[in-house]
Amino acid sequence: MKEIVAFIEHKKQEFVKLPLFEFLTNKSIHPNQRLIFAPVLDPLAVGLSDLNKYVLRDSASNNKVQELINKYTYKENYYWHGYLEYLEELGFNQSMSYGDFRLLWGEETKKTRSLCAALERYAFEASPLQKIVLVEVLEATATVFFEAALEVVMELQKITKKEYVYFGGAYVRLENHHILNTPEMLQLLKEIQMTEWEKQQALELAEKVFELFTDAMNELFRHTKTNSCNTVLQVASFVGLDSSIDCLDFL
């Protein structure tokens, strides 16, 4: 299992070098513009909630690894539920226009929108060991994404004097409660004996899931390059960003 963990860490270091994360560090671009992709994440947020509740979780299992995965799904599902509540507080519980649907379910957002469906296919008949590999990749990609987003949010808060709960802050606080890298889980991973076939299957699964997230992040990056936050979906009403500021201004 040590080889699998090392492979995931290697892929994480490749993931952090994607153009989207370089874009997020560019302080010459207004924070509103750097976070323009926020509305596109709605289907992913809902999909991850379902993935946790209906696919990764198996409450009837007495497998030790599965029991820890179950704990993870409850913690993580709380986070996505909080995100949906946050959207409601922002007034997003109103009818969507045709233009809104066209963006969220259009050609340019298909990779992000279909990400959870692909994850469900991989996880549906997966063993607890394969599920833990999938979850470790979910954690690795989420950590990279939200740490990068948090830096942008901190810049935006200094400008608007408002607190934005969803991007970064809430996730980082919940990170302290995740159970995947606790002493209990690390000890359990050390005790797992894998056959060569199981090891190869785990490596291939990790590779495929990283590919899915890489495609989605590249799609979000293309979205930031082709749209202005002054014109797309009234971004302020989706994620609490300040629409009174010209998002293309330099800081």
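As shown above, the structure is provided for reference.
Residues numbered from 1 in each chain as written. Predicted model: local features only at pLDDT ≥ 70, side-chain atom pairs only at ≥ 80, totals over all residues. Heavy atoms only, no water.

Draft legend 1. Spotlight on the overall build of the protein chain. Scanning the protein chain from terminus to terminus reveals 13 helices and zero strands. For the protein chain, the succession of helices and strands along the chain, N to C, is α-α-α-α-α-α-α-α-α-α-α-α-α. Out of the 251 residues in the protein chain, the part that is buried amounts to 53%. Taking the intrachain contacts of the protein chain between residues at least 6 apart in sequence as the baseline, contacts between residues at least 24 apart amount to 81%. For the protein chain, the exposed surface amounts to about 12,800 Å²; the carbon and sulfur share of it is 52%. (Helix = DSSP H or I, 4+ residues; strand = E, 2+ residues; numbered from the N terminus. Buried < 20%, exposed > 50% of the residue type's maximum accessible area, 1.4 Å probe, protein only. Contact = heavy atoms within 4.5 Å. Areas by Shrake-Rupley, 256 points an atom, 1.4 Å probe, with all protein chains shown as cover.)

Draft legend 2. Highlighting the environment of Phe15. Its place among the elements puts Phe15 in helix 1 (residues 2–15). Sequence separation between Phe15 and Phe213 is 198 residues, and the spatial gap between their C-alpha atoms is 8.7 Å. Each residue touching Phe15, except ones within four places of it in the same chain, is listed here: Phe21, Thr141, Val144, Phe210, Phe213, Thr214 and Met217.

Draft legend 3. View of the pattern of salt bridges. Under the defined criterion, the tally for this structure stands at five salt bridges. Across the pair Glu3 and Lys199 runs a salt bridge, and its minimum N-O distance is 3.3 Å. Taken as a pair, Glu3 in helix 1 and Lys199 in helix 12 (residues 196–226) lie far apart in primary sequence, 196 residues in all. Of the charged contacts, one joins Glu196 and Lys199 as a salt bridge, the two residues approaching to 3.6 Å between their closest N and O atoms. (Salt bridge = Lys/Arg side-chain N within 4 Å of Asp/Glu carboxyl O.)

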